[in-house]
Amino acid sequence: MDFNVKKFASDAGVFFTRAVQFTGEKLGQSEKTELDAHFENLLSRADSTKNWTEKIFRQTEVLLQPNPIDHTGARIEEFLYEKLDRTVPSRPNNGELLGQYMQDAAKDFGVGTPYGSTLMHVGDCERRLGSAHREFLQTSAISFLTPLRNFLEGDWRTISKERRLLENRRLDLDSCKARLKKAKLAESKAAAVPDFQETRPRNYVLSASASALWSEEVDKAEHELRVAQTEFDRQAEVTRLLLEGISSTHVNHLRCLHEFVEAQTAYYKQCHLHMQDLKKELDSSNGDVFPNAFAGKPGHSMASDGSSSPGKAVDPLDVASTVETDTLKIEEVQAPATGTRKAKVLYDYDAADTSELSLLADELITVYTVPGMDSDWLVGERGNQKGKVPVTYLELLS
């Protein structure tokens, strides 16, 4: 083992000198070379960029992978495959697993049954949603997370390294300044003309010799100061160029942010289309079995086309399913043959408009639900009066 004692002693001396200078600055006993305002602004901007980039990167990871603890085993496996330079095997995500379970259950229950058929449709949709989510994760990782990670692990590490080196150069420069200042002060004291009446000749000779030694020390300190100043200026220029590159980093991250938004837009649009297709399939396949399961779907309006004959009874469920909640006409709603209940009024209630029914405490009224109406309201009847009533004002009786 080649151990260089001289180099070790030199490095230890430099470290000790920097430590002394740093301590003196903190205690206010040593002067510190201040950087110009533009350089300080660059440093502050770089620090802000690093901090916010790190926070955005971490939170985006949380958004894309909400429960990393549940996938600890999978991440360890991915790490091992990366170290072995092998392709990570594809595994189903949560949506794909849910879809697979639903489809397996549908086969077990019977695809021909209403429940099994619905499970098969929903399971297929969930698998498509899971596949869309997988594509979204891959696109986001490539277009957004990777550039942010590259900045934090690449550019920022280089900037941090050069900043530490600049700080060391500054400490060396300030140490040289302090050493030169002390040497000049000692030289001026040694060069003072002694009083021959009070000083012996031997002391005078020693004083002249000390003056010459301090003069040499001043020359040496000035040389070291020039070298330290040159190294500091060179390192400051390198660091400044790196810090000015933060503007390019912002431009690059802006482009990546636009790509991330586009990926999100495409993902949510695809999910919306899948859900719309699923709703149409369920409407067409389950409409005969559960006619009110998906109330509010588009259909033919009997009130608008006037095709119903005067003598034909109107099904109130068909009428209500074609009317939105905000345009529901209570006077056109008829009580269903089954499903009506008695309710006791708990508090007095004054109707806010003509579509509502005023209530008196302790009275009994008939109530029933209408598809498409807000769950906080029911249709109430009292004799020939009819209107919406709030559920919170009622006690439903069996």
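Being a predicted model, the structure only gives us computed values, none of them experimental.

**Student:** Explain the state of the cysteines here, please?
**Tutor:** Structurally, a disulfide amounts to a covalent bond that connects the sulfur atoms of two cysteines. In the structure shown here, the tally under the stated rule is zero disulfides. Of the cysteine sulfurs around Cys 271, a residue in no disulfide, the closest is that of Cys 125, at 8.5 Å.

**Student:** Where do I start with the pairing of strand β3 (residues 377–382) in this structure?
**Tutor:** Within a regular beta strand, the side chains point alternately toward one face of the sheet and then the other, so they alternate between its two faces. Strand direction decides the pairing type here: strand β2 (residues 364–368) and β3, joined by three bridges, are antiparallel. Bridge assignment links Thr 366 to a residue of β3, and that residue is Glu 381. Relative to strand β4 (residues 385–390), β3 runs antiparallel, the two being bridged by six bridges. By the bridge assignment, Trp 377 is partnered in β4 with Pro 390. Here β3 hands over to β4 after two residues, with Gly 383 in that stretch at a positive phi of 65 degrees.

**Student:** Is there a simple way to explain helix α2 (residues 37–64) in this structure?
**Tutor:** Spacing of three or four residues puts side chains on the same side of an α-helix, whose turn is 3.6 residues. Look at α2: 40 Å from first C-alpha to last across 28 residues, which is about the 40 Å you get at 1.5 Å a residue. Regarding α2, the residues found buried are Phe 39, Leu 42, Leu 43, Ala 46, Thr 49, Thr 53, Phe 57, Thr 60 and Leu 64. Measuring from the backbone nitrogen of His 38 back to the side-chain oxygen at the start of α2 gives 3.2 Å, which picks out Asp 36 as the cap.

**Student:** Any chance you could explain the nonpolar core here in plain terms?
**Tutor:** In summary, soluble globular proteins display a tendency toward joint burial of nonpolar side chains. Formed by 41 residues in total, the largest nonpolar core has its most connected members in Phe 136, Phe 144 and Leu 243. Contributions of two or more residues to this core are made by α2, α4 (94–109), α5 (114–190), α6 (201–244) and α7 (246–286). If one sorts the elements of this core by residue count, α5 sits on top with 18 residues. Dropping the residues within four chain positions of it, Phe 136 is found in contact with Leu 64, Phe 260, Ala 263, Gln 264 and Tyr 267. Counting 10 residues, the second largest nonpolar core, distinct from the first, contains Leu 357, Leu 359, Ile 365 and Leu 378.

**Student:** Is there a simple way to think about the sheet that holds β3 in this case?
**Tutor:** Hydrogen bonds between backbone atoms are what pair the strands of a sheet, whose relative direction is either parallel or antiparallel. Spatial strand order, β4-β3-β2-β1-β5: five strands in an open sheet with antiparallel pairing. Edge positions in the open sheet fall to β4 and β5 (394–396), since each of these has one partner strand only. Each strand of the sheet is rotated relative to its neighbour by a mean of 40 degrees, with strand direction disregarded.

**Student:** Looking at this structure, I do not really get the environment of Gly 116. What am I missing?
**Tutor:** Here Gly 116 lies in helix α5. Sequence separation between Gly 116 and Asp 104 is 12 residues; the distance between their C-alpha atoms is 9.5 Å. Among all residues touching Gly 116, those that are not within four sequence positions of it are Ala 106, Gly 110 and Val 111.

**Student:** I tried to follow unusual backbone geometry on my own but got confused; where do I start?
**Tutor:** Most peptide bonds take the trans form, and the phi angle of most residues other than glycine is negative. Even without glycine at this site, Asp 362 takes up a positive phi of about 75 degrees. Counting through the fold element by element, Asp 362 comes out in the loop between β1 (341–345) and β2.

Parameters at a glance
- Residues numbered from 1 in each chain as written.
- Predicted model: local features only at pLDDT ≥ 70, side-chain atom pairs only at ≥ 80, totals over all residues.
- Heavy atoms only, no water.
- Disulfide = S-S within 2.5 Å.
- Pairing = 2+ DSSP bridges.
- Helix = DSSP H or I, 4+ residues; strand = E, 2+ residues; numbered from the N terminus.
- Expected span 1.5 Å × (residues − 1).
- Buried < 20%, exposed > 50% of the residue type's maximum accessible area, 1.4 Å probe, protein only.
- Polar contact = N/O pair within 3.5 Å; in protein donor to acceptor, adjacent residues only side chain to side chain.
- Core = buried A, V, L, I, M, F, W, Y, C linked by side-chain atoms within 4.5 Å.
- Contact = heavy atoms within 4.5 Å.
- Axes fitted to C-alpha atoms, helices over the stretch in contact; angles between N-to-C directions.

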